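Single-letter residue listing:
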Amino acid sequence: MNIFEYAKMKKMLGGGGSSDDNLSLVAQIVGRAATALNSADITKIGQYAFYRDSSLISAELPNLITIEDYGFHDNKLETLSAPRLEYVGMFGLSKNNITSYYLPSLKTVGQSAFAGQNMTSLNLPSLEETGYTSFNGCKKLKELSLPNCTILGYMSFGNCSSLEIVDLPKVKQAKSSVFSNCTSLKNLVLPSATYLESNSMDNVHNLESIDLPKCTSFGRTFGNCYSLKTIILRSPTVATMINTTLFSKCYHYDGTVDATYNPNGDKDGYIYVPSA
């Protein structure tokens, strides 16, 4: 079976429940035999509908709004077209074979919603906030674009070891361990960030420079950033910090904040705060 004929199946099922409930039930009953799921009728994928499915390869769901917890978790899915999708629940799209996502309407994601994915690029123009470990362990992810996201949740992109290009123009707040173990990330610009939580940039071992033009508040932010050399700040508030633990174990930084290069021995890092 290559295409779901949902009208016939709903009639075959009959009885109570909403249309969406019936469709979710259909998916659980006959989904294992299908390689393609193409339907304009489906607005919701229920919990565990395609959990560890070994047959489904593609899904074209133009009116899909919701993927509930574990809906497409740990399966062989390679392509998904869901232009109206707004919500992905916990582990809803984690561990499959999709290599690129463009979900223009997606606004909300649950815990580990995309964790362990094989995607190389991610473009979610409507996403407002990343959840707890939402994209953790996407080891092949190289490019990330979240143009309207304002909050990065705990370890959202932890262990994304191939991540190199990040576009986060509206992020205002970053929570703990957001980019932990993103070993390919060398340069980062967060033009709208005003607050970085303690440990938010911990263990970004190869990060060399970061530009934070609006940031006014930090925790212990850059622990174990062994390669960090350049931090650009433009706020008078942070320009006066001294002897902070902000840069704990950042071996290129000498423990004080200065507006100029500090040639103190082999400590070749610096903080730059433009006067204008």
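Residues numbered from 1 in each chain as written. Predicted model: local features only at pLDDT ≥ 70, side-chain atom pairs only at ≥ 80, totals over all residues. Heavy atoms only, no water.

Description of the overall build of the chain
For clarity, the cut-off: Each helix is a run of H or I in the DSSP string that is no shorter than four residues. Each strand is a run of E no shorter than two, and both are numbered from the N terminus. Only protein chains enter the accessibility calculation, which uses a 1.4 Å probe. A residue is then buried if its area is under 20% of the maximum for its type, exposed if over 50%, and partly exposed in between. The contact criterion used is simple: two residues touch if any of their non-hydrogen atoms lie within 4.5 Å. Per-residue and other accessible areas follow the Shrake-Rupley method at a 1.4 Å probe size, with only the shown protein chains counted as cover for residues.
Looking only at helices and strands, the chain has three helices and 19 strands in total. Put simply, the chain has 276 residues, and 47% of those count as buried. In the chain, once contacts between residues fewer than 6 apart in sequence are set aside, the share between residues at least 24 apart is 15%. Put simply, the chain shows about 12,000 Å² of open surface, and 48% of that area lies on carbon and sulfur atoms.

Some words on the pattern of salt bridges
Selection criterion: The salt bridge definition used is simple: a Lys or Arg side-chain nitrogen within 4 Å of an Asp or Glu carboxyl oxygen.
Per the stated rule, a full pass over the model turns up two salt bridges. With its nearest N and O atoms 3.8 Å apart, the salt bridge here joins K44 to E68. Note that K44 is positioned in strand 2 (residues 44-45) and E68 in the loop between strand 4 (66-67) and strand 5 (79-81), a separation of 24 residues in sequence. Look at E68 and you get partly exposed, because its relative accessible area is 23%. Note that D74 is salt-bridged to R52, the shortest N-O span being 3.1 Å. Placement of the pair is D74 in the loop between strand 4 and strand 5 and R52 in the loop between strand 2 and strand 3 (58-60), with a sequence separation of 22 residues.

So, the sheet that holds strand 10 (residues 143-145)
Just so we agree on the cut-off: Note: two strands are recorded as paired if DSSP finds a minimum of 2 bridges between them. Helix axes are fitted only over the stretch in contact, all axes being lines through C-alpha atoms; the angle between N-to-C directions runs from 0 to 180 degrees.
Pairing within the open sheet is parallel, and its four strands lie in the order 7-9-10-12. At either end of the open sheet lies a strand with only one pairing partner, and these are strand 7 (100-102) and strand 12 (165-167). In this sheet, adjacent strand axes meet at a mean angle of 5° when their direction is disregarded. Two elements, strand 9 (residues 121-123) and strand 10, share three bridges in a ladder whose sense is parallel. If you follow N123 over to strand 10, its bridge partner there is S145.

Re the sheet that holds strand 2
The strands that make up a sheet are held in pairs by hydrogen bonds between backbone atoms, and each pair lies either parallel or antiparallel. Within the open sheet, the four strands sit side by side as 2-4-6-8. Their pairing is parallel. The sheet is open, and its two edges are formed by strand 2 and strand 8 (108-109), each paired on a single side.

Considerations on the nonpolar core
Stated precisely, the cut-off is as follows: Residues belong to one nonpolar core when they are buried, are Ala, Val, Leu, Ile, Met, Phe, Trp, Tyr or Cys, and are joined through side-chain atoms within 4.5 Å.
Ranked by internal contacts, the top residues of the largest apolar core, which has 62 residues, are I45, F72, F114, F157, F179, L196 and F222. When residues of this core are traced back to their parent elements, those giving at least two are strand 16 (209-212) and strand 18 (230-233).

Re the packing of aromatic side chains
Which entries qualify depends on this criterion: Only Phe, Tyr and Trp rings take part, Trp by its six-membered ring, and two of them pair if their centres are within 6.5 Å. Stacked means planes under 30 degrees apart, edge-to-face means over 60, and tilted covers everything else.
Taken as a whole and assessed by the stated rule, the structure comprises 10 aromatic pairs. For the pair Y101 and F114, a centre-to-centre distance of 5.1 Å together with 90° between the ring planes defines the contact as edge-to-face. Linking Y101 in strand 7 with F114 in the loop between strand 8 and strand 9, this pair joins segments that are 13 residues apart in sequence. Here Y101 and F114 have matching classes, each one buried. Seen in terms of ring centroids, F135 and F157 are 5.0 Å apart; in terms of plane orientation they differ by 5°. Their pairing is stacked. One end of the pair, F135, is in the loop between strand 9 and strand 10; the other, F157, is in the loop between strand 11 (151-152) and strand 12, with 22 residues separating them in the sequence. For the residue pair F135 and F157, the accessibility class agrees, reading buried in each case. Grouped by ring-pair contacts, the aromatic residues Y101, F114, F135, F157 and F179 constitute a single cluster.

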